[in-house]
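Structure at a glance
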Amino acid sequence: GPKVLQIPSHQIIDMGQMVTLNCDPVSNHLYFYWYKQILGQQMEFLVNFYNGKVMEKSKLFKDQFSVERPDGSYFTLKIQPTALEDSAVYFCASSLGRRAGNTLYFGEGSRLIVV
Amino acid sequence: QQQVRQSPQSLTVWEGETAILNCSYEDSTFNYFPWYQQFPGEGPALLISIRSVSDKKEDGRFTIFFNKREKKLSLHITDSQPGDSATYFCAASNSNYQLIWGSGTKLIIKP
């Protein structure tokens, strides 16, 4: 099936430093998402992105977070500066459309450890 | 209220038995309910979904039963296999199309 690629798979970073998580969504998809998951628990929505703009964001999408997809390259999540509570697995997802019934395709996640 | 609730938090059944995973919601505008399956170290993947106009959706060993009046649905996995061991997320989509996720049920199938 369609694949979403995430880079890196793991990253350990010192608190206060910047981290960029990269996502290569399914090629013809138009909507992109970031989710946060801690210890295999609930998938927590962070943000969705369409046509170069943030469409929706949750309270978890702090001011230190930003997303972009310059010129159709990687869809990135940047955290600057990082905090200990940012340690989690971050999942990127993409979908063709936004209407109910459009399947979200997820990557395998980027495990971020902030020390 | 936008919550989606799942129970139990974890479930262990023997191979060959039927596993029943429950989900309930509060917002009557929800009209699309996908179930996602997540294996350790992987991202969730769509398993099966149902729309609120239906009361049952079947795909092989996986069946969703939907009760609109009670705002409840359940995922039945018949003839459970060890390979079905995973975390199952119930989600719901409303008229704003945002997907609301439950907290997941961790299913363990014992051989």
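Further up the page is the structure itself.
A short tour of the structure in this document, coming up. This structure is a prediction, so every number in the text was calculated from the model and none was measured. (Residues numbered from 1 in each chain as written. Chains lettered and ligands numbered in written order. Predicted model: local features only at pLDDT ≥ 70, side-chain atom pairs only at ≥ 80, totals over all residues. Heavy atoms only, no water.)

**Considering the interface of chain B and chain A**
In this complex, chain B contributes 20 residues to the contact, which on the side of chain A involves 18 residues. Summed over both sides, the interface between chain B and chain A buries roughly 1600 Å², with carbon and sulfur atoms accounting for 52% of that surface. In this structure, the connection of chain B to chain A is made through zero salt bridges. Our count for the chain B to chain A interface comes out at five residue pairs in polar contact (both at pLDDT 80 or more). Of all the elements in the fold, those that place two or more residues in the side of chain B that touches chain A are strand S4 (32–38), strand S5 (45–51), strand S9 (86–93) and strand S10 (99–101) of chain B. Per-element accounting of the side of chain B that touches chain A gives the leading share, three residues, to S4(B). Considered class by class, the residues forming the side of chain B that touches chain A number eight nonpolar, 10 polar and two charged. (Contact = heavy atoms within 4.5 Å. Buried area = accessible area lost by both parts, 1.4 Å probe. Salt bridge = Lys/Arg side-chain N within 4 Å of Asp/Glu carboxyl O. Polar contact = N/O pair within 3.5 Å; in protein donor to acceptor, adjacent residues only side chain to side chain. Helix = DSSP H or I, 4+ residues; strand = E, 2+ residues; numbered from the N terminus. Nonpolar A, V, L, I, M, F, W, Y, C, P; charged D, E, K, R; others polar.)

**Section: the nonpolar core**
Grouped together as the largest cluster of nonpolar side chains are 26 residues, with contacts concentrated most on Trp35(B), Leu73(B), Leu75(B) and Tyr88(B). Only strand S2 (10–14), strand S3 (19–25), S4, S5, strand S7 (62–67), strand S8 (72–77), S9 and strand S11 (105–110) of chain B provide two or more residues apiece to this core. Of all hydrophobic cores here, the second largest spans 22 residues; its members include Leu21(A), Trp34(A), Val47(A) and Ile79(A). (Core = buried A, V, L, I, M, F, W, Y, C linked by side-chain atoms within 4.5 Å. Buried < 20%, exposed > 50% of the residue type's maximum accessible area, 1.4 Å probe, protein only.)

**Observations concerning the pattern of salt bridges**
Residues and elements named next belong to chain A. Per the stated rule, a full pass over the model turns up six salt bridges over all chains. For Arg98, the salt bridge goes to Glu56, with nearest N and O atoms at 3.3 Å. Residue Arg98 is found in the loop between strand S9 (88–95) and strand S10 (105–106), and its partner Glu56 is found in strand S6 (residues 53–57); the two are separated by 42 residues along the sequence.

**Here's the deal with the side chain of Thr82(A)**
Residue and element names in this part refer to chain A. With respect to the helices, strands and loops of the structure, Thr82 is situated in the loop between strand S8 (75–79) and S9. A polar side-chain atom of Thr82 sits 3.4 Å from the main-chain carbonyl oxygen of Asp14. Dropping the residues within four chain positions of it, Thr82 is found in contact with Ile13, Asp14, Met15, Gly16, Gln17, Val19 and Val114.

**Quick look at the pairing of S11(B)**
Walk down a regular strand and you will see the side chains alternate between the two sheet faces. All names here are of chain B. Only one face of S11 is covered, namely the face carrying Thr105, Leu107 and Ile109; the face carrying Lys106, Ile108 and Lys110 is uncovered. Of the strand pairs in this sheet, S2 and S11 are connected by five bridges, and their pairing is parallel. Within the sheet, the bridge partner assigned to Ser10 lies in S11 and is Lys106. (Pairing = 2+ DSSP bridges.)

**Some thoughts on the packing of aromatic side chains**
Under the definition given, this model contains 16 aromatic pairs over all chains. Geometrically, the ring pair formed by Tyr25(B) and Phe66(B) is stacked, given 6.3 Å between the ring centres and 5° between the ring planes. Within this pair, whereas Tyr25(B) is found in strand S3, its partner Phe66(B) is found in strand S7, the two being separated by 41 residues in sequence. Phe66(B) shares its class with Tyr25(B); the two are buried. One aromatic cluster in this structure is built from Tyr35(A), Phe45(A), Phe106(A), Tyr36(B), Phe89(B) and Trp101(B). Above the plane of the ring of Trp14(B) lies Lys110(B), whose end atom (NZ or CZ) is 5.6 Å from the centre. (Phe/Tyr/Trp six-rings, centres within 6.5 Å; stacked < 30°, edge-to-face > 60°. Lys NZ or Arg CZ within 6 Å of the ring centre and 35° of its normal.)

**Focus: the sheet that holds S8(A)**
Residue and element names in this part refer to chain A. Read from one edge of the open sheet, four strands run S1-S3-S8-S7, paired in antiparallel fashion. If you trace the sheet from one side to the other, it starts and ends with strand S1 (5–7) and strand S7 (65–68), each paired once. Here the average twist between neighbouring strands, direction ignored, is 15°. When S1 meets strand S3 (residues 19–24), the two strands line up antiparallel, connected through three bridges. Following the sheet pairing, Ile7 is matched in S3 by Asn22. (Axes fitted to C-alpha atoms, helices over the stretch in contact; angles between N-to-C directions.)

**Remarks on the state of the cysteines**
Among covalent bonds in proteins, the disulfide is the one between the sulfur atoms of two cysteines. Residues and elements named next belong to chain A. Scanning the entire structure with this criterion turns up two disulfides over all chains. Here Cys23 is linked by a disulfide to Cys92, with a sulfur-sulfur distance of 1.9 Å. Between Cys23 and Cys92, the S-S torsion sits near -65°, and that sign places the bridge as left-handed. Of the two residues, Cys23 is situated in strand S3 and Cys92 in strand S9; the sequence distance between them amounts to 69 residues. Residue classification places Cys23 among the buried positions, given a relative accessible area of 0%. (Disulfide = S-S within 2.5 Å.)

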